[in-house]
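Commentary on secondary and tertiary structure
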Amino acid sequence: MEELCKSSIFFSDQSLCYADILSPPEVRARIEVAVLNFIKVLNAPTPEISDLPLISRKSSNSRVSRGLLTDVSWIFLSQSFCKRSLMRENTAKSFVRVWMVMKMCYQILLQEKRVTQRELFYKLLCDSPDYFPSQLQVNGTIQDLVALLRCSRFSLGIMASGRGAVAGRLLLQEPNKEAVDCSTCGSSGYAISGDLNLLEKLIMKTDARYIIVVEKHAIFQRLAEDCVFNHIPSILITAKGYPDIATRFFLHRMSRAFPEMPILGLVDWNPAGLAILCTYKFGSIGMGLEAYRYACNVKWLGMRMDDISQLVPEESLINLKPKDLQIAKSLLSSDVLQDSYKEELATMVESGRRAEIEALYFHGYEFLGKYLATKIVQANYI
């Protein structure tokens with residue numbers, strides 16, 4: 001323990017810009033080091049309460065790493081710190097929250113259990129309602145703890161809440177269990193587990209040629225109901241909106257299992273749809289210390305600008321909302337978007353309009369499959 005204290009990453013000049021995957025004993029050791037260093041400063045001849053130095057998760061501290069040997073790029077955080085201090089009014093509660101969540105994670109790891117963020121919230125709400133009045137405080141504090149201890153959320157004993165689904169030409173087999181054929185799981189698909197260890201161990205087999213990431217669950221259900229994967233040899237995956245960690249990890253896992261298979265994104269033609277696509281493709285700033293473990297080279301298949309002019313009736317276009325404009329501004333100011341994507345985003349803002357995938361139903365409910373097939377041919381993915 002003494003050697004670990006000397007080489008501690010917590011209160012030193014070292015700056016690791018990624019989160020390690022650690023075993024429970026290793027995480028507990030890092031927590032113990034943080035506590036010992038805190039006590040050491042508190043018991044010094046000139047005692048003080050030390051600040052907590054965290055890798056900054058602001059957009060100004062984010063960068064984009066573009067792979068040299070692959071097409072995969074991801075967001076990462078550079079070597080800039082922010083602090084949580086008990087002595088500053090605006091960070092005092094955040095400072096206390098970090099220690100409270102750290103204590104809870106230590107207990108979880110000792111019991112060799114895993115909890116979801118939601119379960120953690122209700123426990124903290126009961127114990128300390130003044131510090132954790134909503135889920136937002138828990139989520140933010142978990143990211144603070146990741147930035148302090150430089151270990152992944154999963155290493156802290158926090159399990160992803162799986163809400164994603166997969167369907168199509170994919171066989172999945174858990175260790176010592178029978179294989180599941182995702183083409184026979186119906187319109188709801190196969191539920192993606194929140195257990196990342198389990199997802200890592202899955203045996204995957206397929207004869208598909210494409211992975212299609214679908215923004216909306218309703219669109220996913222329509223495609224699965226129509227068995228589109230029998231006409232377009234594909235695997236369908238959705239997170240039912242903004243992508244959760246488990247779905248992102250599962251997609252990344254498929255990209256490693258089938259590295260030659262194109263991953264194609266089907267999202268609404270609006271800033272939120274593009275933001276969802278970018279989260280799959282690059283990761284997020286909030287999880288910049290772990291983004292490289294989830295990023296995939298997702299291509300924007302649709303909906304695209306040419307679809308709006310050719311396939312979507314004027315009556316189906318919807319005015320952009322203030323939140324849309326806020327998302328667009330954030331995307332345009334970032335380094336993640338390629339020029340063609342920025343042009344489409346600028347067109348959205350200039351027109352003040354957006355279109356949802358459902359607008360294609362103007363041509364009939366069976367049109368979605370034909371649309372995807374046409375887009376794949378046009379993009380030369382055949």
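That block above? That's the structure.
Okay, so let's go over this structure. Since we're looking at a predicted model, the values are computed, not measured.

Broken down by element type, the protein chain carries 14 helices and 17 strands. For 382 residues, the compact-globule estimate of 2.2 N^0.38 gives 21 Å, and the protein chain sits close to it at 23 Å. Taken along its principal axes, the extent of the C-alpha atoms in the protein chain is 75 × 55 × 45 Å. Looking at the protein chain residue by residue over its 382 residues, the buried ones come to 50%. Considering only intrachain contacts with a sequence separation of at least 6, the fraction spanning at least 24 residues in the protein chain is 75%.

On the surface, Leu-325, Leu-332 and Val-349 cluster together into a nonpolar patch covering about 210 Å² of accessible area. Structurally, Leu-325 can be placed in helix α12 (residues 322-332).

This part is about the sheet that holds strand β11 (residues 203-205). Strand pairing in a sheet takes place through backbone hydrogen bonds and is either antiparallel or parallel in direction. Spatially, the 3 strands line up as an open sheet ordered β9-β8-β11, and their pairing is antiparallel. Looking along the sheet, the strands with just one partner apiece sit at the ends: β9 (180-181) and β11. Sheet topology places strand β8 (residues 171-173) next to β11; 3 bridges connect them, and they run antiparallel. The residue of β11 that forms the bridge with Leu-171 is Lys-205.

Attention now moves to the side chain of Asp-324. In this structure, Asp-324 sits in helix α12. Under the relative-accessibility criterion, Asp-324 is labelled buried at 7%. A polar atom in the side chain of Asp-324 sits 3.3 Å from the side chain of Arg-354. Excluding residues that lie within four positions of it along the chain, Asp-324 makes contacts with Pro-271 and Arg-354.

This brings us to the sheet that holds strand β13 (residues 234-238). Read from one edge to the other, the open sheet built from 6 strands follows the order β10-β7-β13-β12-β14-β15, with strand pairing classed as mixed. Bordering the open sheet on either side are β10 (190-191) and β15 (298-302), each of which pairs with just one other strand. Direction of pairing for strand β12 (residues 210-214) relative to β13: parallel, over a ladder of 5 bridges. Considered in β13, the bridge of Ile-212 is made with Leu-236. Across the sheet, helix α10 (residues 271-282) lies against β12, β13, β14 (263-266) and β15, angled at about 155 degrees from β15, the strand it touches most.

This part covers the packing of helix α2 (residues 24-42) against helix α3 (residues 92-110). Here α2 crosses α3 at 145 degrees, and the two axes come no closer than 10 Å. Once α2 is placed against α3, the crossing between them reads as left-handed. Contact with α2, carried on its side by Pro-24, Val-27, Arg-28, Ile-31, Glu-32, Ala-34, Val-35 and Phe-38, involves Phe-95, Trp-99, Met-102, Tyr-106, Leu-109 and Leu-110 of α3 and no other residues of that element.

Counted according to the given criterion, the structure contains 17 salt bridges. We note a salt bridge from Arg-353 to Glu-314, for which the minimum N-O separation is 3.1 Å. Of this pair, Arg-353 sits in strand β17 (residues 353-354) while Glu-314 sits in the loop between α11 (305-311) and β16 (318-319), and the two are 39 residues apart along the sequence. In this structure, Glu-356 and Arg-354 form a salt bridge, with 3.6 Å as the shortest nitrogen-oxygen distance. Take Glu-356: its relative accessible area is 25%, and that puts it in the partly exposed class. Sharing partners across several salt bridges, the network here consists of Lys-216, Asp-268, Asp-324, Arg-354, Glu-356 and Glu-358.

Now for the state of the cysteines. Taken as a whole and assessed by the stated rule, the structure comprises 0 disulfides. Left without a disulfide partner, Cys-182 is nearest to the cysteine sulfur of Cys-185, which lies 5.0 Å away. A residue is classified by how much of its surface remains accessible, and Cys-182, at 1% relative accessible area, is buried. Assessed through its relative accessible area of 25%, Cys-185 is described here as partly exposed.

This paragraph deals with helix α9 (residues 245-257). Quick reminder: α-helices carry 3.6 residues per turn. Residues three or four places apart thus point the same way. The first and last C-alpha atoms of α9 sit 18 Å apart over 13 residues, in line with the 18 Å expected at 1.5 Å per residue. The buried count for α9 comes to 11 of 13 residues, which makes it a mostly enclosed element. Of the positions making up α9, those classed as buried are Ile-245, Ala-246, Thr-247, Arg-248, Phe-249, Phe-250, Leu-251, His-252, Arg-253, Met-254 and Ser-255. The N-cap residue of α9 is Asp-244: its side-chain oxygen and the backbone nitrogen of Ala-246 are 3.3 Å apart.

Basis of the calculations
Residues numbered from 1 in each chain as written. Predicted model: local features only at pLDDT ≥ 70, side-chain atom pairs only at ≥ 80, totals over all residues. Heavy atoms only, no water. Helix = DSSP H or I, 4+ residues; strand = E, 2+ residues; numbered from the N terminus. Rg over C-alpha atoms; globule rule 2.2 N^0.38 Å. Buried < 20%, exposed > 50% of the residue type's maximum accessible area, 1.4 Å probe, protein only. Contact = heavy atoms within 4.5 Å. Patch = residues over 30% accessible without salt bridge, like charges linked within 9 Å, V, L, I, M, F, W, Y side chains within 5 Å. Areas by Shrake-Rupley, 256 points an atom, 1.4 Å probe, with all protein chains shown as cover. Salt bridge = Lys/Arg side-chain N within 4 Å of Asp/Glu carboxyl O. Pairing = 2+ DSSP bridges. Polar contact = N/O pair within 3.5 Å; in protein donor to acceptor, adjacent residues only side chain to side chain. Axes fitted to C-alpha atoms, helices over the stretch in contact; angles between N-to-C directions. Left-handed = near helix turned anticlockwise from the far one by under 90°. Disulfide = S-S within 2.5 Å. Expected span 1.5 Å × (residues − 1).

Note that every value here comes from positions in space, so none of it alone points to a role or purpose.
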